[in-house]
Amino acid sequence: MKNLKLYVLIAFGTSIFISCKKDDNPSFTPPRPYDEQYANEIIEIEEYLTTHYLEGTGLNANIIEIPENGTQTPLSQHPDLAFKTVNKHDIQYKLYYIKFNEGVNQRPSHVDSIFVSYRGWRLDGEQFDYAPNPLWLTLDGVIEGWSQIFPEFKTGTYNATSDSFEDSGSGIVIIPSGLGYYNRAQTNIPAYSPTVFNITLNTLRYRDHDRDGIQSRFEAENLGDDPREYDSDGDGVPNYLDIDDDNDGILTKKEIQKNQEGDLYSFDEIPSCNGVKVHLDPDCHGPILE
């Protein structure tokens, strides 16, 4: 779990320390350019795909190097191998993955809470993390590769009799370091290391980060888009963190209030004005009930 969390405060504090000390330390080495690093890594990753094969499914699945004269089918020829293109750092990253099972219930957005099991290892096969018992993580607080891959899966179904989840979304994903830890070395993960994760998505909690009455997954231009990238009023704050989405001086929560008791419209019921929901149009105001 500790390897997955983005140590924002630590990273921020470290950056300040480095910026203050850089002139006093001639041995300081700046991070590698993202494009140059990825150009090397994608060759390494795609070679991994051609020299390794998949054995098993679920959390116990392994990726194993094909022995000399071996006849195993390489990952590169696996019928379920796919990749998602992720635009970041002015690079189009390839996020390779294989789905064992898509899942059967809810799909998380890029910022929701997920209840997951996982195992992580490096391309050389060295395991660095293992969580067979599910734990809660927030997708806006983990490495970018996780934030991007989990919306491709759905949750499972809880079986109260066995106290376990069934038909959960599961698979394997290979994450370039630019969508992982990059130059931030972790325990048993050197800097600039691509990582492989075996993941299982059991259940989730939809979140409302700004507590405006609209779930964060809906605060995107289209359902399924990344809420972190949607800022409808251009004020520099994405809608899922913005308490006044259209910057008209009226709280979003007030604009979607439907009665004196303080009940709010569900997202689908929010009235529209000029073809736009009232909380997104600064020229229109919802029912402000005092």
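Structural notes, computed from the coordinates. (Residues numbered from 1 in each chain as written. Predicted model: local features only at pLDDT ≥ 70, side-chain atom pairs only at ≥ 80, totals over all residues. Heavy atoms only, no water.)

Counting 44 residues, the largest nonpolar core has W146, F150 and F197 as its most contacted members. At the level of elements, helix 2 (34–51), strand 4 (91–101), strand 5 (113–122), strand 6 (127–138), helix 3 (144–149), strand 9 (169–175) and strand 10 (195–205) are the ones that each hand at least two residues to this core. Looking at this core, the element that brings in the most residues is strand 4, giving 6 residues. (Core = buried A, V, L, I, M, F, W, Y, C linked by side-chain atoms within 4.5 Å. Buried < 20%, exposed > 50% of the residue type's maximum accessible area, 1.4 Å probe, protein only. Helix = DSSP H or I, 4+ residues; strand = E, 2+ residues; numbered from the N terminus.)

Relative to strand 2 (residues 62–65), strand 1 (residues 52–55) is paired through 4 bridges, and the arrangement is antiparallel. What sits directly across from Y53, in strand 2, is I64. Adjacent in sequence and paired antiparallel, strand 1 and strand 2 are bridged by 6 residues, among which G56 carries a positive phi angle near 85°. (Pairing = 2+ DSSP bridges.)

Across all of its chains, the model carries 1 disulfide by this definition. Here C273 connects covalently by a disulfide to C284, the sulfurs 1.8 Å from one another. Measuring handedness by torsion sign, the sulfur bridge of C273 and C284 sits at about -50° and is left-handed. Taken together, the positions of C273 in strand 11 (residues 272–273) and C284 in the segment after strand 12 (276–277) put the pair 11 residues apart, joining distant regions of the chain. (Disulfide = S-S within 2.5 Å.)

Glancing now at the side chain of Q37. Structurally, Q37 is set in helix 2. The contacts of Q37, once residues within four sequence positions are left out, are R32, S177, Y182 and Y192. (Contact = heavy atoms within 4.5 Å.)

What follows concerns the packing of aromatic side chains. Working definition: an aromatic ring pair is given by the centre-to-centre distance plus the angle between the planes. In this structure the tally under the stated criterion is 13 aromatic pairs. Centroid distance F128 to F197: 5.5 Å. Interplanar angle 85°. Geometry classified as edge-to-face. Remark: F197 occurs in strand 10 and F128 occurs in strand 6; sequence separation between them is 69 residues. Members of the aromatic cluster, joined through ring pairs, are Y118, F128, W146, F150 and F197. Over the aromatic face of W136 sits the side chain of R205, whose NZ or CZ is 3.9 Å from the ring centroid. The ring centre of Y206 lies 3.7 Å from the NZ or CZ of R217, which sits over that ring. (Phe/Tyr/Trp six-rings, centres within 6.5 Å; stacked < 30°, edge-to-face > 60°. Lys NZ or Arg CZ within 6 Å of the ring centre and 35° of its normal.)

A few words on the sheet that holds strand 3 (residues 81–88). Here we have 6 strands laid out as an open sheet, ordered 3-4-9-10-5-6, and antiparallel in their pairing. Both edges of this open sheet fall to strand 3 and strand 6, since each of them pairs with a single strand only. Averaged over all neighbouring strand pairs, the angle between strand axes comes to 25°, with direction disregarded. Contacts from helix 2 reach strand 3, strand 4, strand 5, strand 9 and strand 10 within the one sheet, and its direction differs from that of strand 4 by about 30°. (Axes fitted to C-alpha atoms, helices over the stretch in contact; angles between N-to-C directions.)

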